[in-house]
Amino acid sequence: MTMQSRALLGSALAPVLALAVAAPSAHAAEPQPVPRTAEAAPQGTVGPWTAPAELPGVTQVHDLKTNRGGTVVGLFTQDGKSVVALRPAGGTAWQPARPAEKASLHRTDDGSISLLTWEEPGDGGPGTLRVSRLGPDTTSFGTAETVPTTGPVRAPVVAGNAAGRTAVAWMDGERRLRVTEQSGPGTEWTAPVTLDQLPEPIERPDNTYDYRLRDLRLALAADGAVAVLWGGNSFYDGDGVDPDPTAYKWHYKYLEKPAGSGSWSAPRDLPQLGEKPDQVTLAAHPRGGFHLLSHGAYARKAAGADWGTAEPVGVGADATRPAELHTAPNGDVTAVGRGGWGPHVATLHAATGRWTEARLLDRYVADDSVSSARTATGALVVTYARKRYAAGSVVRTDFVTQTVGDHGISKPRILSTPTDGHYSGGRVTADGQGRPVAVWTETDGQGRRTFTATTGKRALPKWHDFADDAKADLIGVSTTGALNLFTQDGSPRPFQLRTWPEKTRLVPFGDFDGDRCNDVVARMPGGETRLYTPVCDGMPLPDSPYKKLARDWSKYDTLLAAGDQTGDGRPDLLARDKATGHVYLYAHDGRDGFAPRVKIRSSWTGYQRVIGAGDLNGDGIGDVLALDKSGELWRYDGTRAGRLKDRVRVFKDWGASYKDVIGAGDVNGDGKHDLVARDTSNRLWLNAGSGRGTFAGRTQLGETPYWKQWASIG
C-alpha cells in the first residue's frame, strides 16, 4: 500500500477549517548539543514509517503492549479465535500465535507483561484464572500460574510494582470484589479476600435495575501500597417505557492497603470521581502514591496522604476505554484521551505543578480508537481513527498517527489505505529502541485484513521538507494566527498550530540539533528571535522549548537560511542589517549555538529582497538570490569559506509584482531546488530549478483565495 500523493504543481487549493491546537504553558529550554560525527539519528528518534506488512489471518487488534526489553505482545483475533502473539525484541517477525480465549494484557511497573486468561464456569462450578508472565527482558512467556480464586471470575486485572510484587483483583459470581497478592515471581499467592460487593438490584414495578460492573482498576505503588477502585451503576434492562430515573444509582468505591499494613481500608466514596464515574484511570505515581483521571479531572494521592482536590485537565475517557496516563521519571504526567471534538493531550510538569492546556489533535475521530505510546525521546506517538465525510456521510476511517512532545506536534500521517470504503482502526506501542510499532485492521467490504508497521532509519532531511516525505513544504503564519504547514503528501488541508502572532516571521532552517529533522527560526513581532527544534514531521508551538538567539533583532530587515555556508555539513544563518545593508553570517558552532557574526557582504541596500535559495548548483553549499529595485534577480553562489562569489544575473525585469519570494527547495519532485513566489494578487508561481543555478519560466500554483489567508510564507 502506498500513500496517495498530490503534486503541488497545478493543484487547486481551497480554504480549509483550521485545526485548532491550544498552546501549552511557557517551557523554554536549550536544545541538546549536535552530535559531531554521528551518521545516524539518536536512538528513539521517530523516523519515517516502513511499508505496512500484513499479519495473515488476523482480523482484529484487541491490545498491544511491550515489555522493558522490547518484546511486543499482541492480543488479536486470528482465524476467528482470540490469540496472543509475540514479536521478540530486536526482530521484525511475529512468532506463531497461541490461543488465548478470554484474555487480557497488563504491563506492570517492573517492565513485565502479564497475560491473564480465565474460563467462565459452564456448569455452575468454579472457573479458572491463570497468569503468564513475560519478564522485563525475556522474549517468551513463562509457565502459566493458577490464581486461587475459589469461584467464578469476571473482569480480572493485575498490577505489579518495580520490586516484582503482584496483586490480582476480580469480581466473583456473587458480585463481590476479591483480591489476592504475591510477594514476588513464583511465590505463593495469599488467600483471596473479599473487600466489597455491588448492591442488590433495585426493584421497581415495571423493571429490575441490576448493578453492572463498569470499572475495576488496580494499582500497586513502589512502596507496596495497593489501591483498588471499582464500581458500576444500576442498569435499565426494560422495554423503554417510562423508566424510573430515581433507580439510576452509582456504586463506586476506593479501597487501599497501605504499605506495611496487613489490612485493607473500608470501601469509601471519592468525590474526586464526580457524580457519575465511568471509565476511570487509576495508576501508581512515579514519585509514590497513586493518581487518577475521571471525567477530565485529575487527582493525586501522595504516599501516606489523602487524595488531593481534583483539577480539570480537559482530557477524558473514551466510550469504553479509559484515558491513558504516561509518567516520566522526573514526575511529569501526560494524559491522552478524548475531549470535546477528538483526541486531546495535556502534560502536568512536575517542576511547575501546572498542567498545560489540553491540545486537540484532530476532529471527527471514531470512538474507542485513541491509543498512545512513549518513545525513547519522551515524545508520545498517538494513533486514532479519523472519519472522512462526503455528502454528510462517513465514507472511510483512516488510521492516523501523530507525534506529540514539548517541542511541538507533528502533522497527522495516514498509515492505512486512504481509499473510500476502507474503515480502519488499531493500536500503537513502542519497541525496545523506543520506536513506535503500530498494528491496525482495515475493512473494505470484501473482508478484514491487518497490517503492521514501525519506523525505520531516518535519512538526512531534504531542504524545506518538514513532513518527512522528501518533498519541499511551505510554512508561514495565517491572518488568523495559525502556523501553516503546507505539504504535498496528499493531505486535504494544511496542518495548522495555534496561536502565533500574525506578524511572526518564520525562517525554514536545516537540522540544527542533529536529529535529522528540519528546524525553524522565528522572529517574534517584538524582535525577539528564537530557534525552535520541533518534533520530527511537525511544527512548534509558540511556547515550545526554544533557544533565544537575540532579545531584539529588529535591526535586521531580513533573516535567511540557505543551508550549509561553511562546508561543515551544518546549516548556518544569514542576516542583513536594515540601516547599512551589510550581510552577516552566523555560522553553526558545531555544538549548541552560533559563532559570532562575520560580515560577508557590504552595503546591500540596493536589493529589495535577499533570499536563501538552498543549493542551486549541486555543490553542497547554500546559495543566495538577491532582487534589485530594477527587477533584476541575481545569484550569489556560496563557498566553503562562508563567503559568496560574485553575482550572476538570473532574470531581467522580474519580480516587480511579487510580495513573497521563497527559495522553496524541490517543489516539483525532480531533485532540483525551485523558486516560489506570491504576487500582489495572491497568486502563487513556480520557477522550476535546473540544478545549474538557473530557472525555467514561471507556472501558476494553486488558487488565489487560499493563499490570501497567509500573512507570510517562508
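Residues numbered from 1 in each chain as written. Predicted model: local features only at pLDDT ≥ 70, side-chain atom pairs only at ≥ 80, totals over all residues. Heavy atoms only, no water.

### Points about the sheet that holds strand β47 (residues 607–614)
Next, step 1: Pairing is antiparallel in the open sheet, where four strands are placed in the order β47-β48-β49-β50. Both edges of this open sheet fall to β47 and β50 (648–651), since each of them pairs with a single strand only. Averaged over all pairs of adjacent strands, the angle between strand axes in this sheet comes to 30°, irrespective of strand direction.
Next, step 2: Across six bridges, the pairing between β47 and strand β48 (residues 623–628) is antiparallel. Residue Ile611 lies in a different strand from β48, and its bridge partner there is Leu625. (Pairing = 2+ DSSP bridges. Helix = DSSP H or I, 4+ residues; strand = E, 2+ residues; numbered from the N terminus. Axes fitted to C-alpha atoms, helices over the stretch in contact; angles between N-to-C directions.)

### Brief notes about empty space enclosed by the protein
Next, step 1: For the structure shown, the criterion picks out three cavities of 30 Å³ or more.
Next, step 2: What the largest cavity holds in volume is close to 70 Å³.
Next, step 3: If you go around the largest cavity, you meet 12 residues; those closest to its centre are Trp49, Thr401, Thr403, Ser410 and Asp537.
Next, step 4: Considering only residue class, the lining of the largest cavity consists of five nonpolar, four polar and three charged. (1 Å grid on protein atoms, 1.4 Å probe; cavity = no way out; pocket = protein on both sides within 12 Å on 5 of 7 lines; lining within 4 Å. Points joined across faces, edges and corners; volume = space filled by probe spheres on them. Nonpolar A, V, L, I, M, F, W, Y, C, P; charged D, E, K, R; others polar.)

### Here we look at the sheet that holds strand β17 (residues 250–257)
Next, step 1: With antiparallel pairing, the four strands of this open sheet are ordered in space as β14-β15-β16-β17. Both outer strands of the open sheet, β14 (202–204) and β17, are each paired with one neighbouring strand and no more. Sheet twist, expressed as the average angle between the axes of neighbouring strands with direction ignored, equals 15°.
Next, step 2: As paired strands, strand β15 (residues 207–220) and strand β16 (residues 226–235) are joined by 10 bridges and run antiparallel to one another. For Ala219, the partnering residue across the bridge sits in β16 and is Ala227.

### So, the state of the cysteines
The term disulfide refers to a covalent linkage connecting the sulfur atoms of a pair of cysteines.
Next, step 1: Following the criterion strictly, the structure yields one disulfide and no others.
Next, step 2: Across the disulfide, Cys517 is cross-linked to Cys536 (sulfur-sulfur distance 1.9 Å). Linking Cys517 and Cys536, the disulfide has an S-S dihedral of approximately 100° and is accordingly described as right-handed. Taken together, the residues Cys517 in the loop between β38 (505–508) and β39 (520–523) and Cys536 in the loop between β40 (529–532) and β41 (538–539) connect sequence positions 19 residues apart. For the pair Cys517 and Cys536, one class covers both residues: buried. (Disulfide = S-S within 2.5 Å. Buried < 20%, exposed > 50% of the residue type's maximum accessible area, 1.4 Å probe, protein only.)

### Brief notes about the confidence of the model for the protein chain
Next, step 1: Per-residue confidence for the protein chain averages 89 on the pLDDT scale, and 91% of its residues sit at or above 70.
Next, step 2: Residue range residues 1–44 is modelled with pLDDT below 50. Its contacts to residues more than four positions away, or to other chains, number 139 contacts. (pLDDT = per-residue confidence, 0-100. Contact = heavy atoms within 4.5 Å.)

### So, the side chain of Thr450
Next, step 1: Within the secondary structure, Thr450 is located in strand β34 (residues 448–454).
Next, step 2: There is a polar contact of 2.9 Å between the side chain of Thr450 and the side chain of Thr441. (Polar contact = N/O pair within 3.5 Å; in protein donor to acceptor, adjacent residues only side chain to side chain.)

### Some thoughts on the domain arrangement of the protein chain
Next, step 1: You can read the domains of the protein chain as domain 1 (44–95 + 331–456) and domain 2 (474–713).
Next, step 2: The centre of domain 1, based on its C-alpha atoms, is set 34 Å off from the matching centre of domain 2.
Next, step 3: Taken residue by residue, the interface counts 16 residues in domain 1 and 20 residues in domain 2.
Next, step 4: Across the domain 1/domain 2 interface, buried area totals approximately 1400 Å², and carbon plus sulfur atoms make up 57% of it.
Next, step 5: On the domain 1 side of the contact with domain 2, His407, Ile409 and Lys411 bury the most area, a combined 47% of that side's loss.
Next, step 6: For the pair domain 1 and domain 2, the interface holds one salt bridge.
Next, step 7: The closest approach of N and O atoms between Asp537 and Arg413, which form a salt bridge, is 3.7 Å.
Next, step 8: The interface formed by domain 1 and domain 2 holds four residue pairs in polar contact (both at pLDDT 80 or more) in total.
Next, step 9: Elements that contribute at least two residues to the side of domain 1 that touches domain 2 include exactly β29 (393–405) and β30 (408–410).
Next, step 10: Split by residue class, the side of domain 1 that touches domain 2 holds three nonpolar, seven polar and six charged. (Domains from an automatic or database assignment. Buried area = accessible area lost by both parts, 1.4 Å probe. Salt bridge = Lys/Arg side-chain N within 4 Å of Asp/Glu carboxyl O.)

### Looking at unusual backbone geometry
Next, step 1: A cis geometry characterises the amide bond from Arg498 onward to Thr499, with omega recorded as 5°.
Next, step 2: With respect to the helices and strands, Thr499 occurs in the loop between β37 (495–498) and β38.
Next, step 3: The phi torsion at Asp468 lies on the positive side, around 65°, for a residue other than glycine.
Next, step 4: In this structure, Asn682 is a non-glycine residue whose phi angle is positive, near 65°.

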